[in-house]
Amino acid sequence: MKKIMCALVMVTMTFMLAACGAQKNDLDAGYALIKKGDCAGAETYLDSTIAAPDHLMDLAYAYFLKGQCAEKAGDATAAYENFYASKVVTCYAVGEETHVNLNTYGRSEFCERIIPARLAKLEPEVGDKAKVEAIEDKVDGILTTRYLQRFQKRLN
């Protein structure tokens, strides 16, 4: 009887693990569409992730993917806006990390080197310094408002 119970538990656990691995969120769906070259189809999923991310880095990655799609489409302003948002969120995550691990180093690389290089490349295409600063102010305002709204909901 013990062997049967053990086998039953093992089979149940296997199915549960398989089900967990099969679950995909909107970010996964958006990324899969981008891999297929369908940025337009991915936009809904990325926007959904941005509206209600499961994790802070999901938010950063959704913005990053939107930046890549905008860059491919030749929209330097939208690319700059999304890459800048990704940088802000990624740098925040790195700064708030309490346990340093390989993910922290990878995120730090995006925060300090990879995304700033993309922003520097896009800046001349966006326009003058005033336009770049306006984009950054807009993104900072959106992110601040979003976080303040969540904080207020937690207090109520």
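Look a little higher up for the structure.
Keep in mind it's a predicted model, so treat the numbers as computed, not measured. (Residues numbered from 1 in each chain as written. Predicted model: local features only at pLDDT ≥ 70, side-chain atom pairs only at ≥ 80, totals over all residues. Heavy atoms only, no water.)

Section: the overall build of the chain
Piece 1. Assigned secondary structure in the chain consists of seven helices and zero strands.
Piece 2. Ordered by position from the N terminus, the helices and strands of the chain form the series α-α-α-α-α-α-α.
Piece 3. Looking at the 156 residues of the chain, the share that counts as buried comes to 28%.
Piece 4. For the chain, the accessible surface area stands at approximately 10200 Å², while carbon and sulfur atoms represent 59% of it. (Helix = DSSP H or I, 4+ residues; strand = E, 2+ residues; numbered from the N terminus. Buried < 20%, exposed > 50% of the residue type's maximum accessible area, 1.4 Å probe, protein only. Areas by Shrake-Rupley, 256 points an atom, 1.4 Å probe, with all protein chains shown as cover.)

Re the packing of aromatic side chains
Note on aromatic pairs: each is described by the distance of the centres and the angle between the planes.
Piece 1. In this structure the tally under the stated criterion is four aromatic pairs.
Piece 2. Here the aromatic rings of Tyr61 and Phe64 are separated by 6.4 Å at their centres, their planes lie at 10°, and the arrangement is stacked. Remark: Phe64 and Tyr61 occur in helix 4 (residues 56–72); sequence separation between them is three residues, near one turn of the helix.
Piece 3. These aromatic residues form a ring-pair network of at least three members: Tyr31, Tyr61, Phe64, Phe83 and Phe110. (Phe/Tyr/Trp six-rings, centres within 6.5 Å; stacked < 30°, edge-to-face > 60°.)

Let's talk about the packing of helix 2 (residues 26–35) against helix 3 (residues 39–51)
Piece 1. With their axes 8 Å apart at the nearest point, helix 2 and helix 3 run at an angle of 160° to one another. Classified by the angle their axes make, helix 2 and helix 3 are roughly antiparallel. Between helix 2 and helix 3 lies a crossing whose hand is left-handed. Between helix 2 and helix 3, the contacting residues are Asp26, Leu27, Ala29, Gly30, Leu33 and Ile34 on the first element and Cys39, Gly41, Ala42, Tyr45, Leu46, Ser48 and Thr49 on the second.
Piece 2. Residue composition of the contact of helix 2 with helix 3, by class: eight nonpolar, four polar and one charged. (Axes fitted to C-alpha atoms, helices over the stretch in contact; angles between N-to-C directions. Parallel < 35°, antiparallel > 145°, perpendicular 65-115°, else oblique. Left-handed = near helix turned anticlockwise from the far one by under 90°. Contact = heavy atoms within 4.5 Å. Nonpolar A, V, L, I, M, F, W, Y, C, P; charged D, E, K, R; others polar.)

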